[in-house]
Amino acid sequence: METIASFTVDHMRLLPGVYVSRRDCTGQDIVTTFDIRMTRPNFEPVMNTAEIHTLEHLGATFLRNHESWGSKVIYFGPMGCRTGFYLILAGDYTAEEIVPLLREMYEFMSRYEGDVPGASARECGNYLDLNLPMAKYVAGKYLDEVLTGLTPDRLKYS
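Description of the layout of surface pockets
So, step 1. In this model, the largest pocket occupies a volume close to 240 Å³.
So, step 2. What lines the largest pocket is a set of 15 residues, among which Met38, Thr39, Glu44, Val138 and Lys141 lie closest to the centre.
So, step 3. Looking at the lining of the largest pocket, the element that brings in the most residues is helix α3 (residues 132-147), giving 7 residues.
So, step 4. Broken down by class, the residue content of the lining of the largest pocket amounts to 10 nonpolar, 1 polar and 4 charged.
So, step 5. For the second largest pocket, the calculated volume is near 210 Å³.
So, step 6. Lining the second largest pocket are 17 residues; nearest its centre among them are His11, Arg37, Met79, Cys81 and Tyr86.
So, step 7. A breakdown of the residues in the lining of the second largest pocket according to their chemical character gives 9 nonpolar, 6 polar and 2 charged.

In structure tokens:
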């Protein structure tokens, strides 16, 4: 079997950032998959399931309700390795083009108050595994340490 593209990225050198993971054609349309890498793989602790699950609920709610980008959102969800998220958008975009959207989203998540959207047994298959305080902390850390003052080496795979 051929090695899939995401396994060709050197995870020992990958820094937290925003990367175009792939572009795919679906008929005549292009979709862009972004690697929103929040922790340094194999060097930093991964996120716990409770905070990553909470960020998934908050991020998906924010993105799908966004006035400009909501109709372009195909998917937002966690990586299995728990070091970040994938965002799939309809269209051909660069990492630089979505940084303002991500700053807005991570600011929303880091300051969120109230009940986590979709946090009931009726709405979620694992509604007890949520941690809003920790989700706010890791969102704020990513906003401050990565998205604010983002450098070119954190926008393209090396």
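With respect to the packing of helix α2 (residues 95-111) against α3
So, step 1. For the pair α2 and α3, the least separation of the axes is 7 Å and the interaxial angle reads 145°. Between α2 and α3 lies a crossing of left-handed hand. Between α2 and α3, the residues in contact are Leu102, Arg103, Tyr106, Glu107, Met109, Ser110 and Arg111 and Lys136, Ala139, Gly140, Tyr142, Leu143 and Leu147, respectively.
So, step 2. Its residues placed into classes, the contact of α2 with α3 shows 7 nonpolar, 2 polar and 4 charged.

Focus: the environment of isoleucine 36
So, step 1. Note on placement: isoleucine 36 falls in strand β2 (residues 29-37).
So, step 2. Each C-alpha atom, one on isoleucine 36 and one on alanine 50, is 18 Å from the other, the two residues being 14 residues apart in sequence.
So, step 3. If sequence neighbours within four positions are ignored, isoleucine 36 has contacts with Gly17, Phe76, Met79, Thr83, Gly84, Phe85, Leu87, Leu102, Tyr106 and Tyr142.

Looking at the environment of cysteine 25
So, step 1. You can see cysteine 25 is positioned in strand β1 (residues 17-26).
So, step 2. Given a relative accessible area of 61%, cysteine 25 falls into the exposed group.

As for unusual backbone geometry
So, step 1. The phi torsion at asparagine 42 lies on the positive side, around 65°, for a residue other than glycine.
So, step 2. By the secondary structure assignment, asparagine 42 is in the loop between β2 and α1 (49-64).
So, step 3. Assessed through its relative accessible area of 58%, asparagine 42 is described here as exposed.
So, step 4. Even without a glycine there, the phi angle at arginine 82 is positive, about 65°.
So, step 5. Tracing the chain through its elements places arginine 82 in the loop between β3 (73-78) and β4 (84-90).

Looking at the sheet that holds β2
So, step 1. Strand order in the open sheet formed by 4 strands is β1-β2-β4-β3, and the pairing between neighbours is antiparallel. Edge positions in the open sheet fall to β1 and β3, since each of these has one partner strand only. Taken over all neighbouring pairs, the strand axes of this sheet differ in orientation by 15° on average, direction set aside.
So, step 2. Strand direction decides the pairing type here: β2 and β4, joined by 7 bridges, are antiparallel. When the bridges of β4 are listed, isoleucine 36 appears paired with phenylalanine 85.
So, step 3. The strands touched by α1 within the sheet are β3 and β4, with β3 carrying the most contacts at an inclination of about 165°.

Calculation criteria
- Residues numbered from 1 in each chain as written.
- Predicted model: local features only at pLDDT ≥ 70, side-chain atom pairs only at ≥ 80, totals over all residues.
- Heavy atoms only, no water.
- 1 Å grid on protein atoms, 1.4 Å probe; cavity = no way out; pocket = protein on both sides within 12 Å on 5 of 7 lines; lining within 4 Å.
- Points joined across faces, edges and corners; volume = space filled by probe spheres on them.
- Helix = DSSP H or I, 4+ residues; strand = E, 2+ residues; numbered from the N terminus.
- Nonpolar A, V, L, I, M, F, W, Y, C, P; charged D, E, K, R; others polar.
- Axes fitted to C-alpha atoms, helices over the stretch in contact; angles between N-to-C directions.
- Left-handed = near helix turned anticlockwise from the far one by under 90°.
- Contact = heavy atoms within 4.5 Å.
- Buried < 20%, exposed > 50% of the residue type's maximum accessible area, 1.4 Å probe, protein only.
- Pairing = 2+ DSSP bridges.

Limitation: the analysis is restricted to geometry and does not speak to function.
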